[in-house]
Amino acid sequence: MVAFLSDEWFLQALEGVRDAGSYRCGANARLQYEAFSPKGSVHWGEVIEDGRVAAWEKGPLQDADVDIRWSVDDAYAILRGDRVGAAAAAATTIVEQRPDGFSVGVLPPCSLAKEPALARLRRLPGADLTLHCQFPAAPIGGERCSMMFVDGQLARMVAGWVGDADVVIEFPFRQLILFWRGEITWADALQEGAIRGSIEPMVFLAGIIESTPYRRAAARATSGPAPLALATVGELVANVEYRTAVTDLMARTSHAPEQ
């Protein structure tokens with residue numbers, strides 16, 4: 001067994017995951033990880049080039065697209081696959097440099113909820129909607145989220161599925177980020193997925209996502225480098241070769257939980 005986050009662990013990690021993943025031209029990301037505990041923090045960097053792991057090394061990473069922060073216990077549980085979905089999302093903090101300053105918050109898509117522009121959505125009494133979202137190849141618990149609208153305004157957005165859905169959408173996480181950035185249309189995103197629900201709530205949803213407040217909120221939420229970098233991570237984690245390498249590594253990794 002090798003101790004979690006030891007020097008030997010990083011050597012074995014790099015050996016296992018180097019070149020893992022499928023070639024995807026331009027799928028690049030530079031990720032800084034931090035695992036903290038009462039004893040201090042451990043930093044490491046992961047570099048993905050054209051969809052494959054080029055580096056996974058202990059220490060600070062220069063010019064990182066995003067800083068992913070966990071407690072040591074959460075890092076161990078997430079990498080083992082013991083903490084997934086909403087629990088993994090809740091344990092994760094994302095830090096990035098946006099054009100308008102540093103942003104510290106939760107993973108996308110739930111990061112959208114804190115955008116001030118959403119408060120300017122038009123109030124429509126009786127226009128209530130529960131939306132369930134499924135985003136394959138999303139990072140670290142971002143696969144599912146729920147959005148609850150009351151009187152036309154966003155009342156709650158959480159990781160996981162909550163309540164009974166009026167509308168369900170499903171398409172790859174990268175398509176969501178590209179749509180939010182204004183690089184593809186809603187129809188483009190749905191070409192790689194599906195939407196289910198009755199006509200009236202789907203029409204209401206279309207009105208929301210094409211509204212100026214929503215588009216402004218989405219554009220600001222994706223104005224930094226983190227969302228696209230996280231899309232690249234999600235695609236890598238969905239790769240069987242990479243996932244198997246990490247699973248094998250964690251199977252021979254020991255860790256004593258912090259008290």
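Refer to the structure printed above.
Let me sum up the structure you'll find in this document. (Residues numbered from 1 in each chain as written. Predicted model: local features only at pLDDT ≥ 70, side-chain atom pairs only at ≥ 80, totals over all residues. Heavy atoms only, no water.)

### Here we look at helix H6 (residues 199-209)
Residues of H6 that are buried: Pro201, Phe204, Leu205, Ile208 and Ile209. Buried residues of H6, seen end-on, are gathered within an arc of 130° and therefore sit on one face of the element. Opposite its buried face, H6 presents the exposed residues Ile199, Glu200 and Val203, each directed more than 90 degrees away. (Buried < 20%, exposed > 50% of the residue type's maximum accessible area, 1.4 Å probe, protein only. Helix = DSSP H or I, 4+ residues; strand = E, 2+ residues; numbered from the N terminus. Arc of directions from axis to C-beta.)

### Here we look at the packing of aromatic side chains
Tallied over the entire structure, the rule returns 12 aromatic pairs. Judged by centre distance (5.3 Å) and plane angle (65°), the ring pair of phenylalanine 4 and tyrosine 76 falls under edge-to-face. Here tyrosine 76 lies in helix H2 (residues 72-80) and phenylalanine 4 lies in the loop between strand S1 (2-3) and helix H1 (7-17), a separation of 72 residues in the sequence. Residue classification places tyrosine 76 among the buried residues on the basis of a relative accessible area of 15%. Seen in terms of ring centroids, tryptophan 9 and tryptophan 56 are 6.0 Å apart; in terms of plane orientation they differ by 80°. Their pairing is edge-to-face. Residue tryptophan 9 is found in helix H1, and its partner tryptophan 56 is found in strand S4 (residues 52-58); the two are separated by 47 residues along the sequence. We classify tryptophan 9 as buried; its relative accessible area is 0%. Under the relative-accessibility criterion, tryptophan 56 is labelled buried at 3%. An aromatic cluster is built from Phe4, Trp9, Phe10, Tyr33, Trp44, Trp56, Trp70 and Tyr76, whose rings are joined through pairwise contacts. (Phe/Tyr/Trp six-rings, centres within 6.5 Å; stacked < 30°, edge-to-face > 60°.)

### Some thoughts on the sheet that holds strand S6 (residues 93-98)
The six strands are arranged S4-S3-S2-S5-S6-S7 in an open sheet whose pairing can be described as mixed. Two strands lie at the open edges of the sheet, namely S4 and strand S7 (101-105), each paired on one side alone. When strand polarity is set aside, the average angle formed by the axes of neighbouring strands in this sheet is 20°. Here strand S2 (residues 29-37) pairs with strand S3 (residues 40-49) via nine bridges, running antiparallel. Residue pairing in the sheet places tyrosine 33 in a bridge with tryptophan 44 of S3. Taken strand by strand, H1 contacts S3 and S4, and its axis lies near 175° from that of S4. Together, S2 and strand S5 (66-71) form the strand contacts of H2, whose direction differs from that of S5 by roughly 100°. (Pairing = 2+ DSSP bridges. Axes fitted to C-alpha atoms, helices over the stretch in contact; angles between N-to-C directions. Contact = heavy atoms within 4.5 Å.)

### A word on the layout of surface pockets
The rolling of a water-molecule-sized probe over the atoms marks out the regions of remaining empty space. Each pocket or cavity is described by its volume, and for the largest pocket that value is around 640 Å³. Taken together, 29 residues form the lining of the largest pocket, with Ile78, Leu79, Gly81, Ile140 and Val237 sitting closest to its centre. If you list the elements that add at least two residues to the lining of the largest pocket, you get S3, H2, helix H3 (85-90), helix H8 (226-237) and helix H9 (240-251). In terms of residues, the lining of the largest pocket owes the most to one element, H9, which gives six residues. Across the lining of the largest pocket, the residue classes tally to 19 nonpolar, five polar and five charged. (1 Å grid on protein atoms, 1.4 Å probe; cavity = no way out; pocket = protein on both sides within 12 Å on 5 of 7 lines; lining within 4 Å. Points joined across faces, edges and corners; volume = space filled by probe spheres on them. Nonpolar A, V, L, I, M, F, W, Y, C, P; charged D, E, K, R; others polar.)

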